[in-house]
Amino acid sequence: MDLSDTPSDAEFRARLREWLGKVLPTLPPPPPPDDWPGRRAHDLGWQRTLYDAGYADVHWAASPAVRMIFLEETERAGAPYVGANFVGLLHAGPTIAAEGTAAQRERWLPPILRGEEVWCQGFSEPGAGSDLASLRTRAWRDGDDYVVSGSKIWTSHAEVADWCELLVRTDPAAPRHRGITWLALRMDAPGVTVRPLRTLAGSAEFAEVFLDDVRVPVAHRVGEENDGWRVTMVTLSFERGTAFVGEVVACRRVLGELAREARRNGRWDDPALRRRLGLLDAEFRALWRLTQWNVSAAAAGGVPGPGGSVFKLRYSHARQELYDAAAEVLGDDALDLDRPWVLDRLSSLSYTIAAGTSQIQRTIVAERILGLPRGR
Ligand SMILES: Cc1cc2nc3c(=O)[nH]c(=O)nc-3n(C[C@H](O)[C@H](O)[C@H](O)COP(=O)(O)OP(=O)(O)OC[C@H]3O[C@@H](n4cnc5c(N)ncnc54)[C@H](O)[C@@H]3O)c2cc1C
């Protein structure tokens, strides 16, 4: 793979860099981390700005090279990341593009691109996380609607979402992977209750969602009834394979900041710390290459393959190691919640759980990439 910019890539990079230089100073400051309505407005506003400038669909339509350049340049310039648009832009939208009907693509994709609607993900339930196929939220057919009852948990951004990619059980008698259906749920539908949950890092970023006889039109089903497990695998491939790619660039920036801080506060004199930061630098360079490979593979095949689990596994651990190194650089200040990196360190703990735990990723790598025998 030739990783250098072609002349047209170089032109795209230069144009984007110039545009970012002009537009970023005009952006309002980001709202405080726990102001979710404010963050929704801010993130949708940034998406609208990208849309008006012709960059909104860069995660979907652009070539892998252009997508990587976009991620590198926006991060380098300190532009906002996708934020509350994470699910819509990075896995619900791509799933609808791959699996939805023409009418569904027309209904849901443009508002995501124009920064008008936020999506969340209603997959996990109290008894169905790693073992997602155990989900119990039920949907019965009633005329042109499904009637849905049950509950979801750990639904990120549920409080500010307009739509939810929702998994329901439509055939309880079928083998458990065969009775599931993927629906688009309106979060303001009667019978939807959202109860925020507070995380270790103090943020109410996710919620429990209770569904009490909620009506969802059959027209809002993506894929066939009872074929939702296959559609879910598409969603999870995007989530694990390509959704976190932009964050690798951010980690590389943080690593640079750590080295500068260590030089400033004298910790750079410790050879063990320098070695640790050097190893992390090598790790994030390798992850960036893996990212390029995953994005290219997704562009070639439409949907990322199981290689995403390799990325997710390594990235989530590397992110934790990065913030552990930050604690070492900070020394006693690592206990001060107002210092940069301290809350990031707390939230990094969740990365080996969110989007599927490391144990589950290892099983996928073992079975689907290495071809080892199934454990059960
Ligand atoms: C920050 C964050 C955001 C999230 N956002 C969302 C969201 O927006 N929408 C959503 O639907 N979900 C979301 N989740 C939920 C997430 O997908 C689940 O937490 C995850 O799938 C793990 O499920 P669980 O919490 O039920 O753990 P469990 O499945 O109970 O697992 C507990 C432990 O047992 C291990 N384990 C379980 N089964 C096996 C096995 N077969 N082999 C080996 N080890 C096993 C697990 O790896 C883990 O270490 C989020 C989670 C976090 C932390």
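Attention in this report is confined to the structure presented alongside it. Residue positions are given per chain, counted from 1 along the sequence in the order it is written. With the structure being a predicted model, the display of local features is reserved for residues of pLDDT at least 70 and the display and counting of side-chain atom pairs for 80 or more, all residues being used for whole-chain, interface and lining totals. Values reported for side chains reflect all heavy atoms of the structure, with hydrogen atoms and water molecules removed beforehand.

1. A closer look at the site of the ligand
Basically, it comes down to this: Being near a molecule or strand, for a residue, means having at least one of its heavy atoms within 4 Å of it. Side-chain atoms alone can form a polar contact between residues adjacent in sequence; in general such a contact is a pair of N or O atoms within 3.5 Å, and within protein one must be able to donate a hydrogen while the other accepts it. The protein chains shown are the only cover counted for residues, whose accessible areas, like all others here, come from Shrake-Rupley with a 1.4 Å probe.
The full set close to the ligand counts 18 residues, and Gln 121, Ser 124, Ser 130, Trp 154 and Thr 357 are the nearest of them. In the environment of the ligand, a nitrogen atom lies 2.7 Å from a nitrogen or oxygen atom belonging to the backbone of Gln 121. Between the ligand and Gln 359 there is a distance of 2.9 Å, counted from an oxygen atom to a side-chain nitrogen or oxygen. Contact with the protein chains hides 67% of the accessible area of the ligand, taken as 970 Å² for the molecule alone.

2. Comments concerning the pattern of salt bridges
Short version of the rule: The rule for a salt bridge is simple: a side-chain nitrogen of Lys or Arg has to be within 4 Å of a carboxyl oxygen of Asp or Glu. For the purposes of this entry, the term helix denotes a DSSP run of H or I that reaches at least four residues, the term strand denotes a run of E that reaches at least two, and both are numbered from the N terminus. A 1.4 Å probe rolled over the protein chains alone gives each residue an accessible area, and that area as a share of the maximum for its type sets the label: buried under 20%, exposed over 50%, partly exposed in between.
Following the criterion strictly, the structure yields 34 salt bridges and no others. For Glu 75, the salt bridge identified is with Arg 253, shortest N-O distance 2.3 Å. Of this pair, Glu 75 sits in helix H3 (residues 64-76) while Arg 253 is found in helix H7 (residues 245-265), placing the two residues 178 residues apart along the sequence. Overall, Glu 75 belongs to the buried group, its relative accessible area being 11%. Note on Arg 253: relative accessible area 36%, which makes it partly exposed. Between Glu 125 and Lys 152 there is a salt bridge; the shortest N-O distance is 2.8 Å. Highlighted residues: Glu 125 in the loop between strand S1 (119-122) and strand S2 (138-142) and Lys 152 in strand S3 (residues 145-156), separated in sequence by 27 residues. A residue is classified by how much of its surface remains accessible, and Lys 152, at 2% relative accessible area, is buried. Ionic contacts of the salt-bridge type, sharing partners, join the residues Asp 5, Arg 13, Arg 17, Glu 72, Glu 73 and Arg 76 into one network.

3. Points about the packing of aromatic side chains
The condition that has to hold: Think of it this way: a Phe, Tyr or Trp ring, Trp meaning its six-membered ring, pairs with another when their centres are within 6.5 Å, and the plane angle makes it stacked under 30 degrees, edge-to-face over 60, tilted otherwise.
Summed over all chains, the structure comprises 10 aromatic pairs. Consider the rings of Tyr 55 and Phe 70, whose centres lie 6.3 Å apart with planes at 40°: the pair is tilted. Pair noted here: Tyr 55 is in the loop between helix H2 (36-52) and H3 and Phe 70 is in helix H3, with a separation of 15 residues, a long-range link. On the accessibility criterion, Tyr 55 (6% relative accessible area) is buried.

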